[in-house]
Protein chains: 2
Amino acid sequence: MTKAELDILVAQIGEEIFARVSPIAVTASGAASKKGEGLNLPSEVCPGCVQRCAQTCARNTKEILAAGADRVSASERLTKIDPSIAAVIDHTILKPEATRADVVKVCREARQYGFASVCVNPYWVPLVRTELSGSSVKVCSVVGFPLGATSTEAKVAETAAAVRAGAQEIDMVINVGALRSGDHEAVKSDIQQVARVAHSAGAILKTILETALLDDSQKATACTLAKMAGADFVKTSTGFHPAGGASVAAVALMADAVGGRLGIKASGGIRTAEAALAMLDAGATRLGLSGTRAVLDGLG
Amino acid sequence: MTKAELDILVAQIGEEIFARVSPIAVTASGAASKKGEGLNLPSEVCPGCVQRCAQTCARNTKEILAAGADRVSASERLTKIDPSIAAVIDHTILKPEATRADVVKVCREARQYGFASVCVNPYWVPLVRTELSGSSVKVCSVVGFPLGATSTEAKVAETAAAVRAGAQEIDMVINVGALRSGDHEAVKSDIQQVARVAHSAGAILKTILETALLDDSQKATACTLAKMAGADFVKTSTGFHPAGGASVAAVALMADAVGGRLGIKASGGIRTAEAALAMLDAGATRLGLSGTRAVLDGLG
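Throughout, a residue's number is its position along its own chain's written sequence, starting from 1. To read the labels, note that chains go from A and ligands from 1, taken in the order they are written. Selection of residues for local features in this predicted model requires a pLDDT of at least 70, selection of side-chain atom pairs for listing and counting requires 80 or more, and totals for whole chains, interfaces and linings are taken over all residues. Calculated side-chain values reflect all of the structure's heavy atoms, with hydrogen atoms and water omitted.

Trainee: How should I be thinking about the sheet that holds strand E8 (residues 233-235) of chain B in this particular structure?
Mentor: Strand pairing in a sheet relies on backbone hydrogen bonds. The paired strands run either parallel or antiparallel. All names here are of chain B. Two strands pair under a simple rule: DSSP has to find at least two bridges between them. Where helices and strands are cited, they refer to DSSP runs of H or I of at least four residues and of E of at least two residues respectively, numbered from the N terminus. Read around the closed barrel, the eight strands follow the order E3-E4-E5-E6-E7-E8-E9-E10; overall the barrel is parallel. Adjacent strand axes in the sheet meet at a mean angle of 25° when their direction is disregarded. Note that strand E7 (residues 204-208) and E8 share three bridges and pair parallel. Note that in E8 the partner of Thr 207 across the bridge is Val 234. Throughout, a residue-residue contact means that at least one pair of heavy atoms, one from each residue, lies within 4.5 Å. Lines fitted to C-alpha atoms define the axes here, with helix axes fitted over just the stretch in contact, and angles between the N-to-C directions of these axes take values from 0 to 180 degrees. Across the sheet, helix H7 (residues 100-113) is in contact with strand E3 (89-93) and strand E4 (117-120); its angle to E3 comes to roughly 165°. This element, helix H11 (residues 184-200), spans strand E6 (169-173) and E7 of the sheet and lies at about 155° to E7.

Trainee: What exactly am I supposed to notice about H7(B) here?
Mentor: Helical geometry: 3.6 residues make up each α-helical turn, so side chains three or four residues apart lie on a common side. Residue and element names in this part refer to chain B. The length a helix should cover is 1.5 Å for every residue beyond the first. With 14 residues, H7 extends 20 Å from end C-alpha to end C-alpha; this agrees with the ideal 20 Å at 1.5 Å per step. Each residue's exposure class comes from its accessible area (1.4 Å probe, protein chains only) as a fraction of the maximum for that residue type: buried when under 20%, exposed when over 50%, partly exposed otherwise. Those residues of H7 that sit buried are Val 103, Val 104, Val 106, Cys 107, Glu 109, Ala 110 and Tyr 113. Where H7 terminates, the next one or two residues include Gly 114, which has phi positive at roughly 70°.

Trainee: What am I meant to see in the pattern of salt bridges here?
Mentor: Residue and element names in this part refer to chain A. Throughout this description, the term salt bridge denotes a Lys or Arg side-chain nitrogen within 4 Å of a carboxyl oxygen of Asp or Glu. Considering all chains together, one arrives at 28 salt bridges over all chains under this definition. With a shortest N-O distance of 2.7 Å, Lys 265 and Asp 171 are connected by a salt bridge. Taken together, the residues span a long stretch of sequence, with Lys 265 in strand E7 (residues 263-267) and Asp 171 in strand E4 (residues 169-173) at a distance of 94 residues. Judged by its relative accessible area of 1%, Lys 265 falls in the buried class. Judged by its relative accessible area of 0%, Asp 171 falls in the buried class.

Trainee: What is the right way to read the packing of aromatic side chains from this model?
Mentor: Ring pairs (aromatic) are described by centroid distance and by the angle formed between their planes. All names here are of chain A. Paired rings are identified among Phe, Tyr and Trp, the last through its six-membered ring, by centres lying within 6.5 Å, and are further divided according to the angle between planes into stacked (under 30 degrees), edge-to-face (over 60) and tilted (the rest). For the structure shown, the criterion picks out six aromatic pairs over all chains. Ring plane angle 85° and centroid distance 5.3 Å describe the contact between Phe 145 and Phe 240, whose orientation is recorded as edge-to-face. In this pair, Phe 145 is assigned in the loop between strand E3 (138-143) and helix H9 (152-165) and Phe 240 in the loop between strand E6 (233-235) and helix H13 (248-258), connecting sequence segments 95 residues apart. On the basis of relative accessible area, Phe 145 is assigned to the buried category, the value being 7%. For Phe 240, a relative accessible area of 34% translates into the label partly exposed. Here Lys 206 stacks its cationic end above the ring of Phe 233, 5.9 Å away from the centre of that ring. Here, over-ring charges are defined by two tests on the NZ atom of lysine or the CZ atom of arginine: distance to the ring centre within 6 Å, and angle to the ring normal within 35 degrees.

Trainee: Just checking my understanding: could you explain the sheet that holds E6(A) for this structure?
Mentor: Residues and elements named next belong to chain A. If you trace the eight strands once around the closed barrel, you get E1-E2-E3-E4-E5-E6-E7-E8, paired in parallel fashion. Taking each pair of neighbouring strands and ignoring which way they run, the sheet shows an average axis angle of 25°. The sheet contact formed by strand E1 (residues 89-93) and strand E2 (residues 117-120) spans four bridges and is parallel. Bridge pairing in E2 places Thr 92 opposite Cys 119.

Don't take any of this as a statement about function, it's just geometry.
Pasting the structure below:
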């Protein structure tokens, strides 16, 4: 192959990848400025989206920029990742538009790299159970997700159905609105009833606090209630709320609040190796990642 | 090709992608940017947020700007609204951070203006039932919301609990991932089982298609499945997916697909009187609004 042919090939592959990268993935890969002519982007952005970007994307973009120089040759790096890192990752696909093929792909990646679990919506649990059969990767599913504002009865039934279908880990969203209304007994009872169903089937329970919606006092209260109610983990975020995902400060506060008695899962918006390592440093014992590949690239 | 050549190729591809993916400097322009001076906006917005704005906000921004001159003096206008408009509005509060006080306020507004219903997450149904007692405003709740990807068993239990607690209308999200995977029987059965529980309690069922995630053929298929499964309404959107909410085109397609046999609820991102009226013109028979006040202002 000549140099000119190689140049054409490189440009074609670049185009191909670029066409397939979703807007979110583009954000997560943000790097050198002044390009983007081929993007066909509008010249106007409404103030709401400008503010949302500043609140939820700026930190990640900075982290990615810092990591930029190392982010090539992904496939080689993926073969070298530290198994102890893989073993704390919940490889996650929760977007409603995910298809059967998308879920199968995530399961195959999880088997390949030995992740802790595959985390999916309840409808996909039977499929994931089959795909992960014979591996050590756990089946994880979500309950009351992502709003946490359904009835306890619904959460209990959702949990019962999920564990019957093969879920070994349950990530439930606590009742954030009740917590913010001061209805602590309702929050505790909600967790407790779900914990009972999960535990009776041998599954563990992680409780999602959606920390971006809570002040520090509410975060600490939520940790106490989760501990009292018998949860196994506290988890920062759903990854679905525009207010944001995991922060190092929230993880540190939660680790302090549960005093080593519960696991800590950091999730939501963790898109780089640096962010992942910072969460582990702050006390996280599990990571929820949907952009797992980008994080692993940075660890290679 | 030698190993060294391959390494060079991989590096070149990396560079190519790196060069094309970048944060785009943008500024909110026109009237919006003039009004936004006090907002402390950043000078850079990532491509993902630029694209999201183009997809979901541009139309609304235009409508808001066009309607700008009329959007003052809300309290005076609220006393003059057409009761026939009020009677098709589901006054909605579904954000997870909503507190008891927020929900009570929405109920009082609904009684005052005679809206069709108050739409809340299941946890708040008992409170809403009490607050609306003695009025003609219905209690509406959501099921499988907003992802639609939980198990049918969970949706059925959530519906049963909601109608027992007092819900008279159920807005369930269909299984979008199953539809996109071609699993039509699963989508139909999911709706059918929820419809049975709702109807046996005298409640009606609206099925949320999340139209922004479907192509036109999938939208039409979803309408057919909803009709076959016994739903009473098809509804455009949850209002929670970043891909966007109701569009006039989707409402028109849905109205055509159900041929007057089901109601049509437009919801998600309807923030102006002009947008609301356009949805009704296109065939909507119900409107889901969380920014109800702004819409009513424009109708005064």
